[in-house]
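# Geometric and topological summary
So you can see what is in the structure, the chains are spelled out below.
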Amino acid sequence: MDHRIDGEGRHARRIVLPAVLLVAVAAAAFVAARAVGGGRPVLVGTDLGKMAAPDFTLTDQRGATVRLADLRGRAVVLTFIYTRCPDVCPLTAENLRAADALLSKRDRNRVELLAVTVDPARDTPAALQAFSAEHRLADNPCWHALRGERAALLPIWHAYGIDPGAMLAMATPAGVAAFAHTDAIYLIDPRGRERVLLHSNTAPPVLAKDLESVLG
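Residues numbered from 1 in each chain as written. Predicted model: local features only at pLDDT ≥ 70, side-chain atom pairs only at ≥ 80, totals over all residues. Heavy atoms only, no water.

On inspection of all chains with the given rule, the structure shows 3 aromatic pairs. For the pair Phe56 and Tyr160, a centre-to-centre distance of 6.2 Å together with 80 degrees between the ring planes defines the contact as edge-to-face. With a gap of 104 residues between them, Phe56 in the loop between strand E3 (46–52) and strand E4 (57–59) and Tyr160 in the loop between helix H5 (150–159) and strand E9 (167–171) connect regions that are remote in the sequence. Residue Phe56 is classed as buried on the basis of its relative accessible area of 4%. Given the relative accessible area of 1%, Tyr160 is considered buried. Taking 6.1 Å as the distance between ring centres and 45 degrees as the angle between the ring planes, the aromatic pair formed by Phe80 and Tyr160 counts as tilted. Within this pair, whereas Phe80 is found in strand E6 (residues 75–81), its partner Tyr160 is found in the loop between H5 and E9, the two being separated by 80 residues in sequence. The exposure classification of Phe80 matches that of Tyr160, with both residues buried. Site record: aromatic cluster; members linked through ring pairs are Phe56, Phe80, Tyr160 and Tyr186. (Phe/Tyr/Trp six-rings, centres within 6.5 Å; stacked < 30°, edge-to-face > 60°. Helix = DSSP H or I, 4+ residues; strand = E, 2+ residues; numbered from the N terminus. Buried < 20%, exposed > 50% of the residue type's maximum accessible area, 1.4 Å probe, protein only.)

Put into structure tokens, the structure is as follows:
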């Protein structure tokens, strides 16, 4: 893995090898997420300085229009996926589902999980529906696997420092060319501000604690 900061100062991490969950790292992050100083929890992740999250409008796997600005008053977890991904995207989806399940019913109803495709040519509504079902997210009304035309997605990728990458020359064992993309999970608070940047190996309890913190 190599770390980079693009021209807009956004942190990202490109995945070139299958993600590995390190128990020690997850445990350390969980400890860091616990309440400190007067019982007020701190956010784990790269501090994004409460910048306004760039707005966008896309269509989810159900055919519904989703606009980020319309989600004010709710915490948003924003990530970027492609359905043929062999490792990082499935891990991200599973961790988002697990983190959501750790929240109280009240908090769960105030959280939106957004996953924007980086492969719009292949990520059809049917593919996004199948991905959602495979990761037991299809019945979650707050889960939105989002797509749009490439022309609409380009400014979104740019605004969030996402480089979808190019099809790699090396093929997977199934004979399908692998896709490299940025491993990023943005946590956006109910006021529409970017709070922290996380990654696919963030343990679900850590993400759940972050969400509880921004929800107050």
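Another aspect to go through is helix H6 (residues 204–215). The end-to-end C-alpha distance of H6 is 16 Å, a good match for the 16 Å that 12 residues give at a rise of 1.5 Å each. When H6 is considered as a whole, its buried residues turn out to be Pro204, Val206, Leu207, Ala208, Asp210, Leu211, Val214 and Leu215. Positive backbone phi, at 80 degrees, marks Gly216, one or two positions downstream of H6. (Expected span 1.5 Å × (residues − 1).)

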